[in-house]
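Each chain is listed here by its residues.
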Amino acid sequence: MKGKSRENRKGTGTPAARRMPWRHYLAQYWQFYVMAAVPLVYFILFKWMPVLGNVLAFRRYRPLTGPYGVSWVGFRYFEQFLTQPQFWNAFRNTLILAALNLAVNFPLPILFALLLNELRATRLRKTVQTVSFMPRFISTVVVVSTLAQLLSPSGGLITRLLKDWFGVAPVYYMNEPEYFRPLYIATDAWQYTGWSAIVYVAAIAGIPNDLYEAARIDGANRFQQALHVTLPSILPTIMVMLILKIGNLLSLGFEKVLLMYTPANSSVSDIIDTYVYRVGLQSTANQYSYATAIGLFSGVIGLILVSSSNFLSRKLSGESIY
């Protein structure tokens, strides 16, 4: 009895079932650890270590004096940009453009996925889906350059068609403030609708067919099935994507805005990212600490937005990301 109790204290089962030392696991599965180390090193170098650079928002930076500044200045740079009219103009432009883009380009992939689900011809559905997400792989530089050529007042295809068919006088649309936001939203819709719809198509594919059969037995047509079966079933996916979208509300895509930016449309096209780029890199003063403070402020706003949307989603629908 004493021997059995001692054996029970040491552990039961075969030696293979007992916990092996970590060195044995490392030696046996070293290939997996090497594969896991590559993304880990990437995140450490390019995601986590740059976070330390946020200390520049509270320190005075001078070139060639070290990466973390020379002296503490507290909240001086925050007070500086919060009193600048240029910053608030960029902040307002960012919110307006982000809200409009969210209102148009968030429900669009959901609608597109629902329409794809209604296509009964498998080959046609796969063809449409493939063609729709191919624009995602086109460079933003190519997209904006093509748009500028199409809308050129001197021989652009769209400008020429508008003139010949509707008698509209040629206008350089890329240079007009009132056309900047519609053009930005339209190009975003063309480039990302098919790609964003992949998530919803996958969610729809996981809905049990029994639900549709029960709806058909109850006399529901295809529109009612989409409204009362498909949409409620993919609601968790929609809420998660909405939370992530709201969290990135202030990140509009710096590259596209910068390419579409002109002095003539700067009153609506100057957003936070372009403002930080101008004061931090293009300015002769090279205000790195000032630009860091603005970037940190945007990050805090994004954190507040994603936390608030996550809380509201959990309270209203029971779905959240954490």
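Note that the structure is predicted; figures quoted are calculated from it, not measured.

**Some words on the pattern of salt bridges**
A side chain with one charge may pair with a side chain of the opposite charge, provided their charged atoms come close.
No. 1: Inspection of every chain in the model, using the stated rule, returns four salt bridges.
No. 2: Here E118 makes a salt bridge to R222, at a shortest N to O gap of 2.9 Å. Of the two residues, E118 is situated in helix 6 (residues 107–118) and R222 in helix 12 (residues 222–233); the sequence distance between them amounts to 104 residues.
No. 3: The exposure class of E118 is partly exposed, given its relative accessible area of 23%.
No. 4: For K256, the salt bridge identified is with D188, shortest N-O distance 2.7 Å. Placement of the pair is K256 in helix 14 (residues 254–260) and D188 in helix 10 (residues 177–205), with a sequence separation of 68 residues. The pair K256 / D188 is uniform in exposure class, with both members buried.

**A few points about the packing of aromatic side chains**
No. 1: Applying the stated criterion to the full structure yields 23 aromatic pairs.
No. 2: Measuring from centroid to centroid gives 5.5 Å for Y42 and F46, while their planes differ by 40°, and the two rings are tilted. Taken together, the positions of Y42 and F46, both in helix 3 (residues 30–48) and four residues apart, correspond to about one turn of that helix.
No. 3: A relative accessible area of 40% means that Y42 is categorised as partly exposed.
No. 4: Exposure remark for F46: the relative accessible area of 54% places this residue in the exposed category.
No. 5: Ring centres of F133 and F137 lie 6.3 Å apart, and the angle between their planes is 70°; this geometry places the pair in the edge-to-face category.
No. 6: On the basis of relative accessible area, F137 is assigned to the exposed category, the value being 57%.
No. 7: One aromatic cluster is present, formed by F58, F75, F78, F81, F87, W88, F91, Y275, Y290 and F297 through successive ring pairs.

Conventions we followed
- Residues numbered from 1 in each chain as written.
- Predicted model: local features only at pLDDT ≥ 70, side-chain atom pairs only at ≥ 80, totals over all residues.
- Heavy atoms only, no water.
- Salt bridge = Lys/Arg side-chain N within 4 Å of Asp/Glu carboxyl O.
- Helix = DSSP H or I, 4+ residues; strand = E, 2+ residues; numbered from the N terminus.
- Buried < 20%, exposed > 50% of the residue type's maximum accessible area, 1.4 Å probe, protein only.
- Phe/Tyr/Trp six-rings, centres within 6.5 Å; stacked < 30°, edge-to-face > 60°.

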